[in-house]
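One letter stands for each residue in the lines below.
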Amino acid sequence: YKIMKHAIERGSLMACSIEDSSGFIYGSAPTTDIGQLIAQKLQKMNSEFLNVSTEETEDRTIRTIIPLLYERRMTNGLVTGHAYSVTGVEDATLKGQKIKLVRLRNPWGQVEWNGAWSDNSDEWNDIDKAEKVRLQHKIAEDGEFWISFQDFLRYFTKLEICNLTPDTLEADKLHTWTVSVTEGRWVRGSTAGGCRNYPDTFWTNPQYRLKLLEEDDDPDDTEVICSFLVALMQKNRRKERRLGANLLTVGFAIYEVPKEMQGDKKHLQKDFFLYNASKVKCKSYINMREIAERFRLPPNEYVIIPSTYEPHQEGEFILRVFSEKRSLSEEVENKIEVGKISPIIFVSDRANKIKDLKGGERPKKDKEKTSPDKQKKNTEPSERNTENEEDEQFRNIFRQIAGDDMEISADELRNVLNNVLKKHKVLKTEGFALESCRSMIALMDTDGSGKINLDEFRHLWTKIKSWQKIFKRYDTDHSGTINSYEMRNAVKDAGFQLNNQLYDIITMRYANSNMNIEFDSFICCFVRLEGMFRAFQAFDKDGDGIIKLNVLEWLQLTMYA
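What you are looking at is a predicted structure, and each value in this text was computed from that prediction instead of being measured. (Residues numbered from 1 in each chain as written. Predicted model: local features only at pLDDT ≥ 70, side-chain atom pairs only at ≥ 80, totals over all residues. Heavy atoms only, no water.)

## Here we look at the sheet that holds strand 15 (residues 290-297)
Phase 1: One open sheet accounts for 4 strands, arranged 9-17-11-15; its pairing is antiparallel. Each having just a single partner strand, strand 9 (178-186) and strand 15 make up the two edges of the open sheet. Each adjacent strand pair in this sheet contributes to an overall mean axis angle of 20°, direction not counted.
Phase 2: Pairing analysis gives 8 bridges linking strand 11 (residues 226-235) to strand 17 (residues 315-323), with the strands arranged antiparallel. Pairing of Gln234 across the sheet is with Phe317, part of strand 17. (Pairing = 2+ DSSP bridges. Helix = DSSP H or I, 4+ residues; strand = E, 2+ residues; numbered from the N terminus. Axes fitted to C-alpha atoms, helices over the stretch in contact; angles between N-to-C directions.)

## A few points about the pattern of salt bridges
Phase 1: For the coordinates displayed, the defined rule picks out 15 salt bridges.
Phase 2: Where Glu131 meets Arg134, a salt bridge forms, and the shortest distance between an N and an O atom there is 2.9 Å. With Glu131 and Arg134 both in helix 4 (residues 129-134) and 3 residues apart, this pair spans about one turn of that helix.
Phase 3: Its salt-bridge partner being Glu301, residue Arg209 comes within 2.6 Å of it at the nearest N-O pair. Highlighted residues: Arg209 in strand 10 (residues 208-212) and Glu301 in strand 16 (residues 301-308), separated in sequence by 92 residues.
Phase 4: Of the residues examined, Glu301 reaches a relative accessible area of 5% and is grouped as buried.
Phase 5: One salt-bridge network, in which partners are shared between bridges, spans Glu90, Glu131 and Arg134. (Salt bridge = Lys/Arg side-chain N within 4 Å of Asp/Glu carboxyl O. Buried < 20%, exposed > 50% of the residue type's maximum accessible area, 1.4 Å probe, protein only.)

## Observations regarding the UniProt feature "active site" (unreviewed entry) in the protein chain
Phase 1: The positions UniProt marks with the feature "active site" (unreviewed entry) are His82 and Asn106. Across 25 residues of sequence, these annotated residues stay compact in space, with a maximum C-alpha separation of 8.6 Å.
Phase 2: Exposure remark for His82: the relative accessible area of 13% places this residue in the buried category.
Phase 3: Not counting residues within four places of it along the chain, the set of residues in contact with His82 comprises Glu71, Asn106, Pro107 and Trp108.
Phase 4: Classification of Asn106 by relative accessible area gives buried; the value is 0%.
Phase 5: A distance of 3.0 Å separates the side chain of Asn106 from the backbone oxygen of Gln110, its partner in a polar contact. (UniProt positions renumbered as here; feature names shortened; annotations may be inferred. Contact = heavy atoms within 4.5 Å. Polar contact = N/O pair within 3.5 Å; in protein donor to acceptor, adjacent residues only side chain to side chain.)

## Quick notes on the sheet that holds strand 7 (residues 144-148)
Backbone hydrogen bonds are what pair the strands of a sheet, in a parallel or an antiparallel way.
Phase 1: Ordered by their spatial adjacency, 3 strands build an open sheet running 5-6-7, and the pairing between neighbours is antiparallel. Looking at strand neighbours, the two that pair on one side only are strand 5 (85-94) and strand 7, the edges of this open sheet. Direction aside, the axes of adjacent strands within the sheet are offset by 30° on average.
Phase 2: Pairing analysis gives 5 bridges linking strand 6 (residues 97-105) to strand 7, with the strands arranged antiparallel. For Val102, the partnering residue across the bridge sits in strand 7 and is Ile147.

## A closer look at the packing of aromatic side chains
Phase 1: Taken as a whole and assessed by the stated rule, the structure comprises 23 aromatic pairs.
Phase 2: Between the aromatic rings of Tyr255 and Phe273, the centroid separation amounts to 5.0 Å while the plane-to-plane angle is 85°, which identifies the pairing as edge-to-face. Taken together, the positions of Tyr255 in strand 12 (residues 250-256) and Phe273 in helix 7 (residues 270-275) put the pair 18 residues apart, joining distant regions of the chain. Both residues of the pair, Tyr255 and Phe273, count as buried.
Phase 3: An aromatic cluster is present here, built from Phe432, Trp467, Phe471, Phe496, Phe519, Phe522, Phe526 and Phe533 joined pairwise through their rings. (Phe/Tyr/Trp six-rings, centres within 6.5 Å; stacked < 30°, edge-to-face > 60°.)

## Side note on the nonpolar core
Phase 1: Of all hydrophobic cores here, the largest spans 47 residues; its most connected members are Leu413, Met487 and Phe522.
Phase 2: Sorting the residues of this core by element identifies helix 9 (381-402), helix 10 (410-421), helix 11 (434-444), helix 12 (454-474), helix 13 (487-493), helix 14 (500-510) and helix 15 (519-539) as the ones contributing at least two each.
Phase 3: With sequence-adjacent residues up to four places away left out, Met487 is seen in contact with Ile482, Ile506, Ile517, Phe522, Cys525 and Phe526.
Phase 4: Core analysis: the second largest hydrophobic core is formed by 29 residues, Ile286, Met288, Tyr309 and Val321 among them. (Core = buried A, V, L, I, M, F, W, Y, C linked by side-chain atoms within 4.5 Å.)

## Thoughts on the UniProt feature "domain: EF-hand" (unreviewed entry) in the protein chain
Phase 1: Taking the numbering used here, the UniProt-annotated feature "domain: EF-hand" (unreviewed entry) corresponds to residues 462-497 and 527-561.
Phase 2: End C-alpha to end C-alpha, residues 462-497 measures 21 Å, and it is 56% helix and 14% strand.

## Thoughts on the pairing of strand 10
Phase 1: Here strand 10 lies mainly inside the structure; 4 of its 5 residues are buried.
Phase 2: Inspection of the sheet shows strand 10 paired to strand 18 (residues 327-331) by 5 bridges, in the antiparallel sense. Along strand 18, the bridge assignment pairs Tyr208 with Glu331.

## Section: helix 11
Phase 1: For helix 11, the tally of buried residues reaches 8 of 11 residues, placing the bulk of the element in the interior.
Phase 2: Inspection of helix 11 places Ser436, Cys437, Ser439, Met440, Ile441, Ala442, Leu443 and Met444 among the buried residues, and these make up the whole buried set.
Phase 3: As for helix 11, its buried residues are in contact with strand 20 (407-408), helix 10, strand 21 (452-453), helix 12 and helix 15.

## Comments concerning the confidence of the model for the protein chain
Phase 1: Chain-level statistics for the protein chain give a pLDDT mean of 77 and a share of 75% at 70 or above.
Phase 2: Ignoring residues within four places in sequence, the model shows residues 28-57, a span with pLDDT below 50, making 62 contacts including any to other chains.
Phase 3: Long-range and interchain partners of residues 345-380, a stretch whose pLDDT sits below 50, account for 48 contacts in this model, where long-range means more than four residues apart. (pLDDT = per-residue confidence, 0-100.)

Below, the structure written as structure tokens:
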């Protein structure tokens, strides 16, 4: 009752609507025993209501499901599954006894409580006129009514208090808290990794670094501690309810970042979460619009992992962090970069070169491209023999298909590659599609002829073999596919570093309905990545990471890729 009176003075008890319009946060009372909550002393709020967590040894995640209640009017006038706002808490005197009253308002502006202390109840006949004026009693169907505190406890099961700041209810003086707000989303097959119970995918969830820089100003507290509150809210779920979307079961965990990893802003990998327990976490994953909890941790760098309980569940969210003292919070985003790759020659450059040649003579191929095909000096004899046999096999097949000009088109390349792939029984694949081979031709073609010669083909095959080894490394069940979540590591092994947005695009573009990527799509993805990185580096003359293209260059780049 005291908490409710305090909240009326400083904040609101209509949590969701006030939160949406003001950006405040709210704490939710336990649904099991609201009476115990309200009876707590205001000065000692270190119980579950404040959600102060300590380090736990068990890193298993718990799920709580709140059943969906449908709105239904009861005989007493109250509506089940319906939210009322608390607009007043007062004491009234009835026949010499103090009665605790709560004033509620139905946001509909009608349909009121018809029990004791309702607008037309007999209790008002025993109240003097001055008391009625003080309590602003009126008989009107406006949605607002009084109810006794005992009836309030009897019929209502959940109390939400929206705070102006996280310490509004426990301090008389209003403090300013530091707040950071970030938006994100979980994408099926890419960043929707589920909770800690799913270690193979948990690490792919969005990650947010939190730096707690200063300890609290509390002279009575001998610990070096930072107080902060984390609030995870689902976006657009209520709007999409008409389309059949329910609230997701969501939560978060917070891990301490080791000193050697602090400041690098890199996405923490799977092994980190396998061998490190969370420092603190939400008590339970729950299907509520927002889950908010308060924590106390020493100054350090941490990483917050918001997630759904199960993987593959898509949704948008807002993550807010309130801290009593100065802190920094930002999303972990890998820098987009690639290892050393050879430059690209564009179609426009090729056309100009052809014009300058006398007698229409074709330009010579770039012989520097054969250098990656040179065998390493420390290659084992058995490996050299295998490669020599494979090279000879290529040469023979290439001559048979290429003809006199010793160049092959996309159609012919498809025949060559698929004939070679048939020799690899371990790799379960139906071969390369024509569109994949066209992308390969575009990657290796240096004269704009739409064909490649033997040296270019060998250089291409060297790349395909290296990518094939990466694919086989992650195709642990020999199904001919890899999980889309493992694509992150595969891309990294191939020398590319991408961010979450690009991983989302790769999943949407190359994964099948089961969130698996087949060998053909896998190679096609890497061909496209290398080609686009090559093109960007060719245009980025000053290396500042920004390029400017005219319409011709843009169309050449996108159409012939």
